[in-house]
Amino acid sequence: MLTHHVAALCAADAVGCPATAQPGGTGETLPAAEPVGSVGGLPAPAPAAADDRFVALDPGQDAMKQFVTDYLQLLDGRLDAIRRCLADSDMEGARVAILSLESSSLMLGKNPLTASLAELRSQLDLSSAMQRHALMSSVEHAATSFRADLERAAQ
């Protein structure tokens, strides 16, 4: 389930965290993290597999379902904002718009869209307008594919 995917990503990230910490410099030690086991009754993916896993939405998970619905409704506007900034040579505006879409996309798991957005963001100042246009085409292709995956998962 997609909600389990997001929770599993968080759990996978916690695997590399130290078992104890000293918050606020008080010397207080937190208890060791419990081992990663299951998420919502399903086995959690191995940390290496967590980034590449995409599964169907659990209809009982209203918050995640709403996030995906909102994400899909905002996707075209976010892509338009990136396009407009690139057309106006507003690299700072493009960077902000890319980061916005990249971070919300990453909340749904590492996917080709996040990779395309990261590539475009990293090349903003280094590439020509023609190269940025080609990178934006790659982003749009990845967005179309990711949208279809999310819509299929929501059914």
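Residues numbered from 1 in each chain as written. Predicted model: local features only at pLDDT ≥ 70, side-chain atom pairs only at ≥ 80, totals over all residues. Heavy atoms only, no water.

Draft legend 1. Main features of the nonpolar core. Core analysis: the biggest nonpolar cluster contains 27 residues, and Tyr71, Ile82, Leu86, Leu113 and Leu120 have the highest contact counts within it. Top contributing element to this core by residue count: helix α3 (residues 62-87), with 10 residues. When residues no more than four places from it in sequence are discounted, the contact partners of Leu113 are Tyr71, Ser105, Val139, Ala142, Ala143 and Phe146. (Core = buried A, V, L, I, M, F, W, Y, C linked by side-chain atoms within 4.5 Å. Buried < 20%, exposed > 50% of the residue type's maximum accessible area, 1.4 Å probe, protein only. Helix = DSSP H or I, 4+ residues; strand = E, 2+ residues; numbered from the N terminus. Contact = heavy atoms within 4.5 Å.)

Draft legend 2. Quick look at the environment of Ser137. Checked against the element boundaries, Ser137 lands in helix α6 (residues 129-154). By relative accessible area, which is 34% here, Ser137 ends up partly exposed. Sequence-wise, Ser137 and Arg83 are 54 residues apart; in three dimensions their C-alpha atoms are separated by 9.9 Å.

Draft legend 3. Examining the pattern of salt bridges more closely. Tallied over the full model, the rule gives seven salt bridges. Sharing partners across several salt bridges, the network here consists of Asp80, Arg83 and Glu140. (Salt bridge = Lys/Arg side-chain N within 4 Å of Asp/Glu carboxyl O.)

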